[in-house]
Amino acid sequence: MIDPIMANETMRTVNFIHTQIKDDLIVSFALYLADDPTDVESLTLIRTPNYEGFLEECERGVKVSLELEEKGLLKEVAFNRNAAAVYLRTSECSFELDLSRVESVDIKEMLNVLKVMNFDGRIETSGS
């Protein structure tokens, strides 16, 4: 399980979440920017199961990017409903996200898409 103290990113506030279940499975977090509250930064999780058969085994899974910079494959998700937080660990780094500004229906949809993304059990999950 991810230890939030060990996360190599400071906690980032999420303004809203966009999710999609189509050919691509997407969870995109709009991250608040303290230096420009009128702008956001996108942390995107994407998986395209229909095309994974064309990839090497080590390239399959949920790809994570911050803006346009790839941050590796998603390895672990820990959700803490009481703290309104989610912790993400990739093959390269980790993120600690504050979901307190996000509507509960959007958090529920995020959890649903993450569950669909993890159809093959590649992601270690924990939390309530």
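Residues numbered from 1 in each chain as written. Predicted model: local features only at pLDDT ≥ 70, side-chain atom pairs only at ≥ 80, totals over all residues. Heavy atoms only, no water.

> Could you clarify how one ought to interpret the side chain of E52 in this entry?
Structurally, E52 is set in the loop between β3 (40–47) and β4 (63–66). Sequence-distant contacts of E52, defined by excluding residues within four places in its chain, comprise R47, R60, G61 and F119. (Helix = DSSP H or I, 4+ residues; strand = E, 2+ residues; numbered from the N terminus. Contact = heavy atoms within 4.5 Å.)

> Looking at this model, I keep getting lost on the nonpolar core. Mind explaining?
By size, the foremost hydrophobic cluster in this structure holds 27 residues, and its most contacted members are F29, L45, L88 and L99. If one sorts the elements of this core by residue count, helix α1 (residues 104–117) sits on top with 5 residues. Sequence-distant contacts of L45, defined by excluding residues within four places in its chain, comprise L25, I26, V27, F29, V62, K63, V64, L74, L88, L114 and M117. (Core = buried A, V, L, I, M, F, W, Y, C linked by side-chain atoms within 4.5 Å. Buried < 20%, exposed > 50% of the residue type's maximum accessible area, 1.4 Å probe, protein only.)

> Explain the state of the cysteines to me, please; I cannot follow it from the model alone.
Working definition of a disulfide: a covalent bond connecting the sulfur atoms of two cysteines. Scanning all chains against the criterion turns up 0 disulfides. Of all cysteine sulfurs in the structure, the one in C93 sits closest to C58, which takes part in no disulfide; the separation is 18 Å. Overall, C58 belongs to the exposed group, its relative accessible area being 65%. For C93, a relative accessible area of 11% translates into the label buried. (Disulfide = S-S within 2.5 Å.)

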